[in-house]
Amino acid sequence: MKEDEQAWANRRFADGVAEYLAEAGVRTVVISPGSRSTPLVLGFASLGSFRLIPVLDERSAAFLALGLARSTERPVGLVCTSGSAVANWFPAVVEAHESRVPLLLMTADRPPELRGCGAGQTIDQERFYGRYTRAFREYPIPGDEDEGKVPWRDFLAADWAALSGDYPGPVHLNFPFREPLLPPESESFPSPKTFFGKKVSGSRYGRPFDAPVLPSRWQEGGRTLLLSGSWLGPGGDDWTGWFRNLAGERGWPLLADALSPLRHQEEGSFRPVAHYDMLLRHEEIAKTLRPDRIIQLGSLPTSKVLRKCLEEWQTPRLIIDPYSLNPHPDTAPVEWLARPDKTSNEIPLPPPGEDSGFRENWVVQDKKAGEFIQAKTGESGSFEGALYPLLAEHLPEQTVLHIASSTPVRDAEWFWPVNGKRFRIYSSRGANGIDGTLSTAIGEAVGEARPLWLVTGDLALLHDANGILQHQLEGLSLTILLINNEGGGIFQNLPIARYGETFERFFATPQQIDWGTWAKTFGVSHALVRDPAELAQLAARPAPAGVRILEWATDRRGDAEERRRWLTAFSP
Ligand SMILES: Cc1ncc(C[n+]2csc(CCOP(=O)(O)OP(=O)(O)O)c2C)c(N)n1
């Protein structure tokens, strides 16, 4: 094939891909720089219908795409060059797989004749992400004999279905390109509207809501306890709304993690339970709160204490998960674990209220625990756990937050009070990594198109320090509440914390960063916040555009002690 023909074949092919994805509903493509991906980049750029976001570091790029896909409920495309660039997406691919977020991973590659023979920037990219993708496909080389024979346009439709269907997640498309990658400048390119593949319908992903009907044996009386873990993904609000109604109609107590929208939806007679971890630490209280049956929607709350109780109690449990997963890490009997489709044994609900004493007990105890936390919050100095009641009280209604892995996600579960302010809280609970925190939050903020608060430890922020390069993204308003306890505070709770210097060097790993200087390097604002009243004021005011860092300095050893006191000193 003549050189020009090859270049045009590359362009035509990439334009076809871009055109298809535009029709399918992709709005955003995150692109990292490189040569081999040139045709793809031009394909997306020439169509003019995408928001294209350039991100230098592929690891940050993929996490940003994850945050965008999560918050817009649409698949997001990623483009990178061949070689180790591909490997840098991997951590975000793992999280996307685990938390069911559709990322369209488009890697450029050398053609087969340049693989395995020492050609530059060439690695084995086939099935690179192994089981962490819903599908992998090697596309034909544009202009090659195969391109005419292989129905690659139909492949796109199949790969789209794998990406965004009932079990959404990442899909990897590998695109080999032969040089030259770019057509001569002088020639104009025919209109890209040449694509004739299968049409797709629907651009949002996820499973449409269909109110489940409980099998009859689960509708009988008995002390039934409802559990709600982290946000369920697209359509999640319908599922949690249904669960909330179930709790209301039946008078069943509902335990909601801070990551569940239900923690933040107290209204009328609906009152979720927030401080179950604290309550269940008390043997005497736990005995009175023990259920006869449990219904769990989606993942379990994070609490280890609750999980231990589930193991001990061996209470029969019904798990309802819109994506048919298997979220029960304990050995308690799960009587029915299935897709919540309508079932034939539909019977009317018996009248509610027959076990109202059970719910009453949970709610009364929870209120007492909430009052205990509230009283402690006023007298806690710089204790990081006190930040959560403070944020809950002062942030405006419907604020969006991202709570980082490690202590923040646990403190939020323990101390974020029941409220009716409809906060939306994101968190990466798929693989619970501290990686990609900043980029994921930036993606979520851009996708939400409204201010977002990121609550993070210092190590999680540093781990994705490159993410700050995106601070100038259009429409971004991000407040980073940096809990600076100089290292991994979470490890203070482990027995290894007794091991002095070994602990400090290999577990706590303090990093000695002057955050003011760091922020200045990138041109973002930074302020040390020392006083809860000051933080309360900042939380209540509208957040500015761009990125700001509010640094809350605290002492991880002292905080570990204080947290133990908060969690154990409560007595009803
Ligand atoms: C990618 C990744 N590497 C390592 C870990 C193990 N890990 C869990 S928490 C943590 C420390 C986090 O420190 P920081 O963000 O400062 O929060 P803190 O513990 O102080 O609350 C580490 C290293 C992880 N979860 N993910």
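Calculation rules
All chains use their own residue numbering, which begins from 1 and follows the written sequence. Confidence filtering applies because this is a predicted model: local features only for residues at pLDDT of at least 70, side-chain atom pairs given and counted only at 80 or more, and all residues used for totals across whole chains, interfaces and linings. For the side-chain quantities, the full set of heavy atoms in the structure was used; hydrogens and water were omitted. The helix count covers DSSP runs of H or I at least four residues long, the strand count covers runs of E at least two residues long, and both are numbered beginning at the N terminus. Two strands are said to pair when DSSP picks up at least two bridges between them. Axis angles are defined between N-to-C directions and span 0 to 180 degrees, where every axis is a line fitted to C-alpha atoms and, for a helix, only to the segment in contact. Note on classification: 1.4 Å probe, protein chains only; a residue is buried when its accessible area is under 20% of the maximum for its type, exposed when over 50%, partly exposed between these limits. Any two residues whose heavy atoms approach within 4.5 Å at even a single point are treated as in contact. It suffices for a single heavy atom of a residue to lie within 4 Å of a molecule or strand for the residue to be listed as near it. We define a polar contact as two N or O atoms separated by no more than 3.5 Å, with the added condition that, inside protein, one atom must be a possible hydrogen donor and the other a possible acceptor, whereas residues neighbouring each other in sequence contribute only through side-chain atom pairs. For the accessible areas, the method is Shrake-Rupley and the probe is 1.4 Å, while residue cover comes only from the protein chains on display. Any residue outside Ala, Val, Leu, Ile, Met, Phe, Trp, Tyr, Cys, Pro, Asp, Glu, Lys and Arg is labelled polar, Gly included; the first ten of those are nonpolar and the last four are charged. Among buried residues, those of type Ala, Val, Leu, Ile, Met, Phe, Trp, Tyr and Cys that are joined through side-chain atoms within 4.5 Å constitute a nonpolar core. pLDDT is a residue-level measure of predictor confidence that goes from 0 to 100. Positive: Lys, Arg. Negative: Asp, Glu. His and the chain ends are not part of the count. Salt-bridge detection follows one rule: a side-chain nitrogen of Lys or Arg within 4 Å of a carboxyl oxygen of Asp or Glu. Each Phe, Tyr or Trp ring (for Trp, its six-membered ring) is paired with any other whose centre lies within 6.5 Å, and the angle between the two planes then decides the class: stacked below 30 degrees, edge-to-face above 60, tilted in between. Criterion for a charge above a ring: Lys NZ or Arg CZ within 6 Å of the ring centre, and within 35 degrees of the ring normal.

**Re unusual backbone geometry**
For the peptide bond that leads from Glu179 to Pro180, omega is 0°, which places it in the cis range. Locating Pro180 in the fold gives a position in the loop between strand S6 (171-176) and strand S7 (224-228). Here the phi dihedral of Arg422 falls at roughly 50°; this positive angle occurs in a residue that is not glycine. Tracing the chain through its elements places Arg422 in the loop between helix H14 (407-415) and strand S13 (424-426). If you check the backbone angles, Asn432 has positive phi at about 55° while not being a glycine.

**Quick look at the sheet that holds S13**
The sheet built from 6 strands is open, its strands ordered S13-S12-S14-S15-S17-S16 with parallel pairing. Two strands bound the open sheet, and with one partner strand each, they are S13 and strand S16 (525-528). Sheet twist, expressed as the average angle between the axes of neighbouring strands with direction ignored, equals 20°. Two elements, strand S14 (residues 452-457) and strand S15 (residues 477-484), share 6 bridges in a ladder whose sense is parallel. Considered in S15, the bridge of Thr456 is made with Leu482.

**Concerning the environment of Leu476**
Relative to the helices and strands, Leu476 is located in the loop between helix H16 (458-463) and S15. Under the relative-accessibility criterion, Leu476 is labelled buried at 3%. In this structure, the C-alpha to C-alpha distance between Leu476 and Val547, residues 71 residues apart in sequence, is 7.4 Å. Excluding residues that lie within four positions of it along the chain, Leu476 makes contacts with Ile442, Ala445, Val446, Gln470, His471, Ala545, Gly546 and Val547.

**Side note on the site of the ligand**
Around the ligand lies a shell of 17 residues, among which Ser406, Thr407, Ala460, Asn485 and Gly489 are the nearest. Within the backbone of Gly487, a nitrogen or oxygen atom sits 3.0 Å from an oxygen atom of the ligand. The separation between an oxygen atom of the ligand and a polar main-chain atom of Gly489 is 2.7 Å. Computed on the free molecule, the ligand has an accessible area of 590 Å², of which 75% lies beneath the protein chains in the complex. When contributions to the shell around the ligand are tallied by element, the ones reaching two or more residues are H14 and H16. Residues that form the shell around the ligand fall into these classes: 6 nonpolar, 9 polar and 2 charged.

**Points about the nonpolar core**
Formed by 57 residues in total, the largest nonpolar core has its most connected members in Leu280, Trp362, Tyr388, Phe415, Trp416 and Leu481. It is helix H12 (residues 356-377) that contributes the most residues to this core, 6 residues altogether. Dropping the residues within four chain positions of it, Phe415 is found in contact with His275, Met278, Ile373, Phe383, Gly385, Tyr388, Pro389, Arg563, Trp566 and Leu567. Grouped together as the second largest cluster of nonpolar side chains are 49 residues, Leu64, Leu105, Ile468 and Ile549 included.

**Some points on the confidence of the model for the chain**
The share of residues in the chain with pLDDT of 70 or more is 92%, and the mean pLDDT across the chain is 90. Considering only residues more than four positions removed or in separate chains, one finds that residues 191-202, a stretch of pLDDT under 50, has 23 contacts. Here the prediction assigns the complex a pTM of 0.94, and the interface score ipTM is 0.99.

**Looking at the side chain of Glu58**
Along the chain, Glu58 falls in helix H3 (residues 58-72). Buried and without a salt bridge, Glu58 has Arg59 as its closest oppositely charged side chain, separated by 9.1 Å. When near neighbours in sequence (up to four residues on either side) are disregarded, Glu58 contacts Ser32, Pro33, Cys80, Ala85, Asn88 and Trp89.

**Regarding helix H5 (residues 90-99)**
Taken together, the buried positions of H5 are Ala92, Val93, Val94, Glu95, Ala96 and His97. The positive-phi residue at the C-terminal boundary of H5 is Arg100, with phi of around 60°.

**Regarding the sheet that holds strand S3 (residues 76-80)**
With parallel pairing, 6 strands are arranged side by side in an open sheet as S2-S1-S3-S4-S6-S5. Edge positions in the sheet fall to strand S2 (51-54) and strand S5 (135-138), since each of these pairs with one other strand and no more. Going from strand to strand, the sheet's axes swing by 20° on average, the running direction of each strand aside. Note that strand S1 (residues 28-31) and S3 share 3 bridges and pair parallel. Within S3, the residue paired with Val29 across the bridge is Gly77.

**Some thoughts on the packing of aromatic side chains**
If you walk through the whole model with that rule in mind, you get 22 aromatic pairs. Between Tyr139 and Phe175, the aromatic rings sit 4.9 Å apart at their centres with planes inclined by 40°, giving tilted as the arrangement. Of the two residues, Tyr139 sits in the loop between S5 and helix H6 (145-149) while Phe175 sits in strand S6, which places them 36 residues apart along the sequence. Ring geometry for Trp231 versus Tyr426: centroids 5.6 Å apart, planes at 90°, classification edge-to-face. Taken together, the positions of Trp231 in the loop between S7 and helix H8 (236-250) and Tyr426 in strand S13 put the pair 195 residues apart, joining distant regions of the chain. Above the plane of the ring of Tyr167 lies Arg134, whose end atom (NZ or CZ) is 3.8 Å from the centre. When the ring centre of Phe155 is taken as origin, the NZ or CZ atom of Arg137, which lies over that ring, is 3.9 Å away.

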